[in-house]
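Topology and contacts: notes
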Amino acid sequence: MTRRFELVQSGSSKFWEVAVTGASYTVRYGRIGSAGQTKTKDCADEAKAVAAAAKLVADKTGKG
């Protein structure tokens, strides 16, 4: 599961994405066109990784 969000407005063009692989999830963010920064977090099992990623998406979409 991978979710990607982009913000392009008034000189700003950024992206944020989260991907779940097995029992871990990876968050990648930065300027569109760059590799960006990556942070990976391990969880106890795949269900917890999916739940943690879903919570991050909910937080991100809640902010607008």
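Reading the values: rules and limits
- Residues numbered from 1 in each chain as written.
- Predicted model: local features only at pLDDT ≥ 70, side-chain atom pairs only at ≥ 80, totals over all residues.
- Heavy atoms only, no water.
- Helix = DSSP H or I, 4+ residues; strand = E, 2+ residues; numbered from the N terminus.
- Buried < 20%, exposed > 50% of the residue type's maximum accessible area, 1.4 Å probe, protein only.
- Contact = heavy atoms within 4.5 Å.
- Areas by Shrake-Rupley, 256 points an atom, 1.4 Å probe, with all protein chains shown as cover.
- Lys, Arg positive; Asp, Glu negative; His and termini not counted.
- Charge placed at Lys NZ, Arg CZ, Asp CG, Glu CD.
- Patch = residues over 30% accessible without salt bridge, like charges linked within 9 Å, V, L, I, M, F, W, Y side chains within 5 Å.
- Salt bridge = Lys/Arg side-chain N within 4 Å of Asp/Glu carboxyl O.
- Phe/Tyr/Trp six-rings, centres within 6.5 Å; stacked < 30°, edge-to-face > 60°.
- Pairing = 2+ DSSP bridges.
- Axes fitted to C-alpha atoms, helices over the stretch in contact; angles between N-to-C directions.

**So, the overall build of the protein**
Looking only at helices and strands, the protein features 1 helix and 4 strands. Burial analysis of the protein (64 residues in total) assigns 20% to the buried set. When contacts within the protein are restricted to residue pairs at least 6 apart in sequence, long-range pairs at least 24 apart make up 24% of them. Accessible surface for the protein amounts to roughly 4400 Å². Of this, 52% is attributable to carbon and sulfur atoms. Of the charged side chains in the protein, 11 are positive and 6 negative; the average position of the first set lies 9 Å away from that of the second.

**Re a positive patch on the surface**
There is a patch of like positive charges on the surface, built from K14, R31, K60 and K63. Within the secondary structure, K60 sits in helix 1 (residues 46–63). We classify K60 as partly exposed; its relative accessible area is 32%.

**Some words on the packing of aromatic side chains**
Here the structure, examined in full by the defined rule, presents 1 aromatic pair. Between the aromatic rings of F5 and W16, the centroid separation amounts to 5.8 Å while the plane-to-plane angle is 40°, which identifies the pairing as tilted. Taken together, the residues F5 in strand 1 (residues 2–9) and W16 in strand 2 (residues 12–21) connect sequence positions 11 residues apart. You can call W16 buried: its relative accessible area is 12%.

**Re the environment of A53**
With respect to the element layout, A53 can be found in helix 1. A sequence separation of 27 residues divides A53 from T26, and the C-alpha atoms of the two residues are 8.6 Å apart. Sequence-distant contacts of A53, that is, excluding residues within four places in its chain, are made with M1, V18 and V20.

**Some thoughts on the sheet that holds strand 1**
Taken in spatial order, the 4 strands make up an open sheet running 1-2-3-4, and their pairing is antiparallel. Strands at the two margins of the open sheet, each flanked by one partner only, are strand 1 and strand 4 (37–42). Between one strand axis and the next, the sheet turns by 10° as a mean value, whatever way the strands run. Pairing of strand 1 with strand 2, which is carried by 8 bridges, proceeds in the antiparallel orientation.

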